[in-house]
Amino acid sequence: MTGRVLRTVAALVVFAVAVFPVYWMVLTAFKPTKDIQSATPTFLPISITFEHFGTAVAAQGFFSFWRNSLLVAGGAVLLALLVALLAAYAVARLRWRGRRAFVLMVFIAQMTPWEALLIPIYVIARDTGMLDTLWMLTLVYFMITLPFTIVTLRGFLAAIPPDLEEAALVDGCSRGQAFRRVVFPLLAPGLLATSLFGFITAWNEFAFANVLIIKDQDDRTLPVWLSSFQNTFGTDWGATMAASTLFMLPVLLIFVVLQGRVTTGIVGGAVKG
Amino acid sequence: MERPVTPAAPPAPQRRKRVVLPYLLIAPTVLTTAYLLVYPLVRNVIISFQRFGLPELVRGDAQFVGFANYAKVLADAEFWAVVRRTLWFTAINVVLIMLLSTLVALLLMRLGKWLRLLVMGGLVLTWATPIIAATTVFQWLFQSRLGVVNWLLVSLGFEEYRDYTWFANGEATFGILVGLVVWQSVPFAALSLYAAMVTVPTELYESARIDGAGAWRVFSTITFPMLRAMFGLITCLEVIWVVKAFVQIWVISQGGPGQSTTTLPVYAFQVAQSLQRYDLGAAVSMLMVLLLVIALLAYFRVLYRQEREA
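Under an unreviewed UniProt entry, the name given to chain A is Sugar ABC transporter permease, and the organism recorded is Lentzea guizhouensis. In its Subcellular location (unreviewed entry) section, UniProt records this for chain A: "Cell membrane". Turning to chain A, the UniProt record has this under Sequence similarities (unreviewed entry): "Belongs to the binding-protein-dependent transport system permease family."

A. Looking closely at the overall build of chain A. A tally of regular secondary structure across chain A gives 13 helices and zero strands. The order of helices and strands in chain A, counted from the N terminus, is α-α-α-α-α-α-α-α-α-α-α-α-α. Sequence separation of at least 24 residues holds for 72% of the intrachain contacts in chain A that already meet a minimum separation of 6. Of the accessible surface of chain A, which amounts to about 11,700 Å², a share of 68% is contributed by carbon and sulfur atoms.

B. Quick peek at helix α11 (residues 228–243) of chain B. The first and last C-alpha atoms of α11(B) sit 22 Å apart over 16 residues, in line with the 22 Å expected at 1.5 Å per residue. All of the buried residues in α11(B) are B:M230, B:F231, B:L233, B:I234, B:C236, B:L237, B:E238, B:V239, B:I240, B:W241, B:V242 and B:V243.

C. Representation of the domain arrangement of chain A in the model. Residues and elements named next belong to chain A. Looking at chain A, the domain boundaries give domain 1 (1–49) and domain 2 (61–271). Put simply, the middle of domain 1 and the middle of domain 2, counted by C-alpha atoms, are 33 Å apart. In this complex, domain 1 contributes six residues to the contact, which on the side of domain 2 involves seven residues. Interface area, domain 1 with domain 2, both sides summed: about 530 Å², of which 83% is carbon and sulfur. The tally of links between domain 1 and domain 2 comes to zero residue pairs in polar contact (both at pLDDT 80 or more). Looking at which element gives the most residues to the side of domain 1 that touches domain 2, the answer is helix α1 (residues 2–30), with five residues. Of the residues belonging to the side of domain 1 that touches domain 2, the class tally is five nonpolar, one polar and no charged.

D. Main features of the interface of chain A and chain B. Chain A puts 90 residues into the contact, and the matching count from chain B is 88 residues. Summed over both sides, the interface of chain A with chain B buries roughly 8,200 Å², with 78% coming from carbon and sulfur. Put simply, B:R43 and A:D127 hold a salt bridge, and the shortest N to O gap is 2.9 Å. Inspection of the region where chain A meets chain B yields 10 residue pairs in polar contact (both at pLDDT 80 or more). Per element, the largest residue contribution to the side of chain A that touches chain B is 16 residues, and it comes from α1(A). Each residue belonging to the side of chain A that touches chain B can be placed in one class, and the counts come to 64 nonpolar, 15 polar and 11 charged.

E. Spotlight on the UniProt feature "transmembrane region" (unreviewed entry) in chain A. Residue and element names in this part refer to chain A. The UniProt feature table records "transmembrane region" (unreviewed entry) at residues 6–30, 69–90, 102–123, 135–161, 182–203 and 237–258. In residues 6–30, the share of helix is 100% and the share of strand is 0%. The end C-alpha atoms are 34 Å apart. Along residues 237–258, the helical share is 100% and the strand share 0%, with 31 Å between the first and last C-alpha atoms.

F. Seen up close, the packing of aromatic side chains. Residues and elements named next belong to chain B. Following the criterion strictly, the structure yields 44 aromatic pairs over all chains and no others. Ring centres of W127 and F188 lie 5.8 Å apart, and the angle between their planes is 50°; on these two criteria the pair is classed as tilted. Of this pair, W127 sits in helix α5 (residues 113–128) while F188 sits in helix α8 (residues 170–197); the two residues are 61 residues apart in sequence, bridging distant segments of the chain. An identical accessibility class is assigned to W127 and F188; each is buried. Ring centres of F219 and F224 lie 6.1 Å apart, and the angle between their planes is 45°; on these two criteria the pair is classed as tilted. Residue F224 is classed as partly exposed on the basis of its relative accessible area of 29%.

Rules behind the numbers
- Residues numbered from 1 in each chain as written.
- Chains lettered and ligands numbered in written order.
- Predicted model: local features only at pLDDT ≥ 70, side-chain atom pairs only at ≥ 80, totals over all residues.
- Heavy atoms only, no water.
- UniProt positions renumbered as here; feature names shortened; annotations may be inferred.
- Helix = DSSP H or I, 4+ residues; strand = E, 2+ residues; numbered from the N terminus.
- Contact = heavy atoms within 4.5 Å.
- Areas by Shrake-Rupley, 256 points an atom, 1.4 Å probe, with all protein chains shown as cover.
- Expected span 1.5 Å × (residues − 1).
- Buried < 20%, exposed > 50% of the residue type's maximum accessible area, 1.4 Å probe, protein only.
- Domains from an automatic or database assignment.
- Buried area = accessible area lost by both parts, 1.4 Å probe.
- Polar contact = N/O pair within 3.5 Å; in protein donor to acceptor, adjacent residues only side chain to side chain.
- Nonpolar A, V, L, I, M, F, W, Y, C, P; charged D, E, K, R; others polar.
- Salt bridge = Lys/Arg side-chain N within 4 Å of Asp/Glu carboxyl O.
- Phe/Tyr/Trp six-rings, centres within 6.5 Å; stacked < 30°, edge-to-face > 60°.

Right under this line is the structure:
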């Protein structure tokens, strides 16, 4: 009996520690400034205001930063899906010389400490005139998400019995047709999950966005904007927290969509963005 | 594996197509990786052997200087302080992460359905919090005058924390960064470990319990040995993730106050950015990669073996 009480208390503590910072962020975003600046904090949403969201949205460049982030993250993910799908198919379905070396290479690429490559990528971008372009960021994010996209897609592909495809081949489909008609529909949830995780990685990336976009401030992305938000707005914590909440929203939605099985499927693949 | 084609039987067109197909399929991956990953890495190695400051960046006439950059970095006491700090930072974080995640995973195993869903939901929420958003929130939690942490500590009777400026104190900032990284990392590790623990057959636990084994014995004789590979994998992923943690540190403290939170990636960036010594920065980042490779060599061996069995 005491064991059960103990477990319940432990569970509630874990839950509180996990959730509190996020709760505090959202709560602050909705609090009137006088409540934020009071000596004793209020822990419940007693009075609510949308003023801080107004400040965040009205901030200069807000919409162009959203657009930039969407373009860069979306572009990177689409590119990664396309390239990874081909490679994942080769790895999961075909036997060929060098397959093991290739898979190992992908695993190693997945572990690349990207921050160590800030300097050469900056230099390369500069040499090729790609500095201050969203294209360069898209390419970098594509590369960052590619390895784990291959690994997870390979996992999803491997879970689809090859017999189904072979049956289609026997029925006179070409390999491409068999893939399109049989494998692709079954793979769709995997593709969705993988691309959403790739999207999150790209959506969150800060270091490269901070280094590669310097001159043209209009081409900045949301994470960079958010990190500079405090400097711009001084100690306007309400606006800062509102901006953070807005920034987190798409990712949160993705996790809600992904909930449950798909999430654990990705976890099973032991992938981390 | 493709069998070598014997000259006696000329390959049918279908057959030849299948030999080429896999290589066609991986070609885009190989080409883009070569350009966007291998080339920057090679470029980094080259820069680390050159004199490459702002003038060379502008003029593009960098001279090779052999190991001069490495010699300079390795002779610098500052660098070794940063290495020690990075090792500390990594060790503290990874130990805490693995310990807490294991406890949370074990807890999840023993919770009823609703509490388990509640805790898992909380973990997923934390996991979903973007690094930048979480970093900003932690700045807000530990804000000196309005921060809820100071309020809590003062309410508990620790009067000295009234208006305490956490980010002016090196050790305090270090501690907050550890808290932030651990908070961000536990959900992934705990959920993965839980997902793995669920796969252990329950009969093993039952028979152990019938034999009178306590919780610790069950864990050390059944759970851990069965999930050794998973524990190893997650530890490795966390090591990589913590060593290269850059954004949190950069946004919260930029490595300060003083140098008290400067770890290797931050140091490489500082040297390159503020001193405009891209050559030294490249050398530091190469040394960091080397350190990681050494730390993970054992893991690569396991991966290689697994891939052979697959």
